[in-house]
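Chain residues, written in single-letter form:
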Amino acid sequence: MGWLRRSASATWVDPEPRGKAIFIHDGSADTFDTGIAVRFRVTRPRTDIQASAASIVECLGPADSDATRLKMVVAGLGLPDEFPADTLTQADAFGEVEPEVELADAEITLKRMDLRAQTHVTIDGEDARDFDDAVSAQPEGEGYRIWVSIADVASYVQARTPLDREARLRGTSAYLPGKVLPMLPEKLSNGLCSLQPGVPRRAITCEMVIDRHGARSDIRVYPSLIRSAARLTYVQVQRLIDGDEGAVPGQPASVGRHAIDASRVLRRRRFGLGSL
C-alpha cells in the first residue's frame, strides 16, 4: 500500500513504509485523485533495465482521514477484515438460547446447571462491546460462596469446523482505535457468546467456597445457563469500593459488595503467602 502521486507525464505510488516509487502503467489509477492511500499489486518487478510497475487494487481513502490511516494499519498488518462465507453461514445458523431446550437436552453428557436465578453481574470498561465473564457471590458461614462464569464459546465453535478454522487463523480479536476485528463473527462475539444482561446465555462456571482465611473448598466446574442481572463498569465498582452506596442499584449492589469482600479475603491470603 502507499500514496498515489501524479505528474504531467506519469502516475506512481510511494509505498508505505518508505520505499522506491512504483509506476502505474495500466490505467488502474486514472479515476483516483492524487494524494490518496491505495492498495496496489506489483505486476512487474524492478530490474537493471526497467522500473517496477503496479496496478491499483483498492482505494483506501484521503490522506487526512483517520479512517484511511486505520485501513492502512489493518492492511499493513495483514489483519483479516472480513469473514469467509462458510464461517458466516455456520454462525448465522445458531438460534437464540432457549432455556427449556438447553436444560432438557438428553444428548448432553454433562448437564447444564440452571443458574438464572443466581444474580450474576459483568464488570467491564465503559466502552466494552462484548461481555465474556460474570461473577456472583453470597455469604456462607464465615466466608463466601462465589461463582465465576465465562461464556461457553466451545459449545458453538466445534473442532474442525469453519468457525474453528477461522478462529485459529485469527488467534484473537484485534482492538484498534474505534474498531474491533473480532475473532468470531458478530452473531457470536457480540451476541450468543456475550453475557448481555437480561438474556440467557451458555456459560462454564467455576463455583467454590472460600473461608474467612481465603482457603478454597467445594470447588466445582460445570456447564451452566446464566442470566446477567446487570452490566457494571469499572467506574461503578470503584465507587462501590469507595463506599458510595448509590453507585450500583438493587441486588447487583449486594452481589458487588460480597464479591469485593471476598476479593479482600483472597488478597490478604495471597499477600500472607508472600505475593508482592
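Because the structure is predicted, anything quoted here is derived from the model rather than measured.

Visitor: Describe helix α4 (residues 162–170), and please don't skip the residues or the numbers.
Guide: What α4 keeps buried is the set L163, D164, E166, A167 and R170. Of the surrounding elements, those touching the buried residues of α4 are α2 (85–92) and α5 (186–192).

Visitor: Give me the pattern of salt bridges: which residues, what numbers.
Guide: Within the structure shown, the criterion is met by 19 salt bridges. In this structure, D152 engages R112 in a salt bridge whose closest nitrogen and oxygen atoms are separated by 2.6 Å. Of this pair, D152 sits in the loop between β9 (143–151) and α4 while R112 sits in the loop between α3 (99–104) and β6 (113–114); the two residues are 40 residues apart in sequence, bridging distant segments of the chain. On the basis of relative accessibility, which here comes to 9%, the residue D152 falls in the buried class. Under the relative-accessibility criterion, R112 is labelled buried at 12%.

Visitor: Go over the side chain of E207 with me, naming the residues and quoting the values.
Guide: Structurally, E207 can be placed in strand β12 (residues 200–210). Reaching out from E207, the side chain makes a polar contact with the side chain of W147 at a distance of 3.3 Å. A polar atom in the side chain of E207 sits 2.5 Å from the side chain of Y222. Excluding anything up to four places from it in sequence, E207 contacts R145, I146, W147, D218, I219, R220 and Y222.

Visitor: Quick rundown of α2? Include the residues and the values.
Guide: Those residues of α2 that sit buried are T87, Q90 and A91. End-on view of α2: buried residues confined to an arc of 100 degrees, all on one side of the axis. In α2, the exposed residues that point more than 90 degrees away from the buried face are A85, T89 and D92. In the core, the buried residues of α2 are packed alongside α4 and α5.

Visitor: Got a sec to walk through the packing of aromatic side chains? Specific residues and values, please.
Guide: Counted by the stated rule, this structure contains two aromatic pairs. Both rings, one in W12 and one in F23, keep their centres 6.3 Å apart while their planes meet at 55 degrees; by these two values the pair is tilted. Of the two residues, W12 is situated in strand β2 (residues 11–15) and F23 in strand β3 (residues 22–24); the sequence distance between them amounts to eleven residues. The interplanar angle of 85 degrees and the centroid separation of 5.0 Å between the aromatic rings of F94 and Y156 together place this pair among those described as edge-to-face. Linking F94 in the loop between α2 and α3 with Y156 in the loop between β9 and α4, this pair joins segments that are 62 residues apart in sequence. Note on F94: relative accessible area 21%, which makes it partly exposed. By relative accessible area, which is 3% here, Y156 ends up buried. Positioned above the aromatic ring of F83, the side-chain terminus of R170 is 3.7 Å from the ring centre. Sitting above the plane of the Y156 ring, R202 keeps its charged end 4.3 Å from the centroid.

Visitor: Could you give me a rundown of the layout of surface pockets, with the residues and numbers involved?
Guide: Here the largest pocket defines a volume of roughly 390 Å³. In terms of lining, the largest pocket is formed by 21 residues, of which the most central are I123, V135, A259, I260 and S263. Where the lining of the largest pocket is concerned, the elements lending two or more residues are β8 (133–140), β9, α6 (234–241) and α7 (250–272). A per-class count over the lining of the largest pocket returns 15 nonpolar, four polar and two charged.

Visitor: I'd like a rundown of the packing of α6 against α7, residues and numbers included.
Guide: Put simply, α6 and α7 touch, their axes get as near as 10 Å, and they point 70 degrees apart. When the axes of α6 and α7 are compared, the pair comes out roughly perpendicular. On α7, the residues that touch V237, L240 and I241 of α6 are A253, G256, R257, I260 and R264.

Visitor: Describe the pairing of β2, and please don't skip the residues or the numbers.
Guide: Here β2 shows a buried face lined by T11, V13 and P15 and an unburied face lined by W12 and D14. Bridge count between strand β1 (residues 2–6) and β2: five bridges; the pairing is antiparallel. Looking across to β2, one finds that W3 is bridged to D14. The sheet contact formed by β2 and β3 spans two bridges and is antiparallel. Bridge pairing in β3 places W12 opposite F23. Here β2 hands over to β3 after six residues, the two strands then running antiparallel side by side.

Visitor: Pulling in residues and values, what's your account of the nonpolar core?
Guide: Grouped together as the largest cluster of nonpolar side chains are 19 residues, with contacts concentrated most on Y156, V157, L188 and I226. Residue assignment for this core shows that the elements contributing at least two residues are β9, α4, α5 and β13 (216–233). Counting residues per element, this core draws most heavily on β13, which supplies three residues. Other than its neighbours up to four places away in sequence, V157 contacts L163, D164, L184 and L188.

What counts, and at which threshold
- All residue numbers refer to positions counted from 1 along the written sequence of the respective chain.
- Totals for whole chains, interfaces and linings use all residues, but because this is a predicted model, local features are given only for residues with pLDDT of at least 70 and pairs of side-chain atoms are given and counted only at 80 or more.
- Heavy atoms from the whole structure form the basis of all side-chain values; hydrogens and water molecules are not counted.
- Exposure is judged per residue with a 1.4 Å probe applied to protein chains only, and the accessible area is read against the type maximum: over 50% gives exposed, under 20% gives buried, and values in between give partly exposed.
- Numbered from the N terminus, helices here are DSSP runs of H or I no shorter than four residues, and strands are runs of E no shorter than two.
- Any pair of residues with heavy atoms lying within 4.5 Å of one another is described as a contacting pair.
- Note on definitions: salt bridges are taken to be side-chain nitrogens of Lys or Arg within 4 Å of carboxyl oxygens of Asp or Glu.
- Definition of a polar contact: a pair of N or O atoms within 3.5 Å, with one able to donate and the other able to accept a hydrogen when the atoms are protein atoms, and with sequence-neighbouring residues admitted only if both atoms are side-chain atoms.
- Each C-beta atom gives one direction from the helix axis, and the arc is the one those directions make.
- Only rings of Phe, Tyr and Trp enter the pairing, Trp through its six-membered ring, and a pair is recorded when the two centres are within 6.5 Å. The plane angle decides the type: under 30 degrees is stacked, over 60 is edge-to-face, the rest tilted.
- Any Lys NZ or Arg CZ that is within 6 Å of a ring centre and within 35 degrees of that ring's normal is treated as a charge sitting over the ring.
- Only protein atoms enter the calculation, which uses a 1 Å grid: trapped sets of points that fit a 1.4 Å probe without letting it out are cavities, open sets showing protein on both sides within 12 Å along at least five of seven lines are pockets, and any residue with an atom within 4 Å of a point is a lining residue.
- Grid points are joined across faces, edges and corners, and a volume is the space filled by probe spheres set on the points.
- Residue polarity is assigned by list, with Asp, Glu, Lys and Arg as charged and Ala, Val, Leu, Ile, Met, Phe, Trp, Tyr, Cys and Pro as nonpolar; anything else, Gly included, falls into the polar class.
- Angles run from 0 to 180 degrees between N-to-C directions of axes, and those axes are lines fitted to C-alpha atoms, restricted for helices to the stretch in contact.
- Here the angle decides the label: under 35 degrees means roughly parallel, over 145 means roughly antiparallel, 65 to 115 means roughly perpendicular, and every other value means oblique.
- Each pair of strands is called paired provided DSSP finds at least two bridges between the two strands.
- Working definition of a nonpolar core: buried Ala, Val, Leu, Ile, Met, Phe, Trp, Tyr and Cys residues. They are joined through side-chain atoms within 4.5 Å.

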